[in-house]
Structures are given as C-alpha cells and as structure tokens.
Amino acid sequence: MDGLAHVVFGLLFFGDRSLLLWWLFFSAAPDLPDVLLIPRFVRNLLSRYGFRNPAREGRRITRVWKPLVRATHSVPVFLTVFFLVWFINGTPFLPLFAWLAHLGIDIFTHSRKYHPVEFLWPFSSVSFDGWAWSRPAMLVGTYVALLVLLLYELL
Ligand SMILES: [Zn+2]
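Residues numbered from 1 in each chain as written. Predicted model: local features only at pLDDT ≥ 70, side-chain atom pairs only at ≥ 80, totals over all residues.

(A) Looking closely at the overall build of the protein chain. Assigned secondary structure in the protein chain consists of seven helices and zero strands. When the helices and strands of the protein chain are read in sequence order from the N terminus, they spell out α-α-α-α-α-α-α. Within the protein chain, buried positions represent 15% of all 155 residues. For the protein chain, the share of sequence-separated contacts (at least 6 apart) that also reach a separation of at least 24 residues comes to 50%. (Helix = DSSP H or I, 4+ residues; strand = E, 2+ residues; numbered from the N terminus. Buried ≥ 20, exposed ≤ 12 C-beta atoms within 10 Å, placed from the backbone. Contact = placed C-beta atoms within 7 Å.)

Right, here's the structure in full:
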C-alpha cells in the first residue's frame, strides 16, 4: 500500500491523540527506505528525454534498498525492536503497533510480481501472493474506503 494510505489508516485506527505523531511515524516508517528510490525515479524520468542512462546507479541503490525493505517489513525485526524498546522503557510503546499494522496491510496488498513482502526475513523468504495495491481497482477501493472511514470519523 502506498505511504499516504498507511498514514491515514494509522490515523483512523490507532489515533491515541497524545502520541499522534508517533502513531503516524510508525504507520509509514517501514516505507522510509523508498526515499532512496526518489533520485532513481527522477533520473529515469530524465533519461526518457535523453539526459543520461541510470541503469548502473539503479543497481547500486537496489543493493542498499532491498535489505532495508526486507528488515523494515519483517515481523521478527518488529518483534525484536518492540521487545527491546519494552525492555529499555519498562513499558510497551504502543505506537509501535502501527508498524505491525503496516506489515499486516502490506503482506496482503503486495503480489509476488510487485515487491513481495518477505515478512519472516531473515528466517525465510516466504511471501504471500496478495492483491497488488498498485492495481487501479485496489487504489480506487483503498481511497474509497479511506474516504468513507474519514467521513464516519468526522460525522
Ligand atoms: Zn510497506
């Protein structure tokens, strides 16, 4: 699912207002490695107009990006961080559950053809062949659901 939808879902379902910014941050945080792809996206766009060939640099970014995405979309990594924070703080930090919710959504909204979520990494590369969030029907369904939920929240 795209970052905006994750943040809005996080806001709707985990809206402890005193920790709102943490809930929003952990709703989108697993996708932060995608920031690394922005320069490649721009270069790809520019290469269409003959400015340069981004293929070599693209592979270098992917070598960094892919392990980061695996780690941020891993349930074992989440559990490690969750219990480590609990151990350090002496109490669980509930906004971290927005990260787990992100994983729950992504596991079922990524297909094996489009960035499968290896949610048991590093122990397994198993993934679920879900309905890709980038399909037009899924995008429309996501934003209609968000609109309905927002209206319900506001009314
Ligand atoms: Zn994600």
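So much for the structure itself; the text now carries on.
(B) Structural context of the nonpolar core. Formed by Trp23, Phe26, Phe78, Ala98 and Trp99, the largest nonpolar core amounts to five residues. Going through the elements one at a time, α2 (20-28) and α6 (97-109) are the ones with two or more residues in this core. Setting aside its immediate chain neighbours within four residues, phenylalanine 78 contacts Trp99, Leu100 and Leu103. (Core = buried A, V, L, I, M, F, W, Y, C linked by C-beta atoms within 7 Å.)

(C) How the structure looks around the packing of α2 against α6. Where α2 meets α6, the axes come as close as 7 Å, and the angle between the chain directions of the two elements is 30°. Taken as axis vectors, α2 and α6 run roughly parallel relative to one another. Once α2 is placed against α6, the crossing between them reads as right-handed. Packed against α2, whose contacting residues are Trp23, Phe26 and Ser27, the element α6 presents Ala98, Trp99 and His102 at the interface. Residues belonging to the contact of α2 with α6 are distributed by class as follows: four nonpolar, two polar and no charged. (Axes fitted to C-alpha atoms, helices over the stretch in contact; angles between N-to-C directions. Parallel < 35°, antiparallel > 145°, perpendicular 65-115°, else oblique. Left-handed = near helix turned anticlockwise from the far one by under 90°. Nonpolar A, V, L, I, M, F, W, Y, C, P; charged D, E, K, R; others polar.)

(D) Summary view of the environment of histidine 6. Looking at the element boundaries, histidine 6 is found in helix α1 (residues 3-13). The class for histidine 6 is buried, based on 23 C-beta atoms found within 10 Å. Residues histidine 6 and alanine 28, 22 residues apart in the sequence, show an inter-C-alpha distance of 5.9 Å. Sequence-distant contacts of histidine 6, that is, excluding residues within four places in its chain, are made with Met1, Ser27, Ala28, Asp31, His102 and Ile105.

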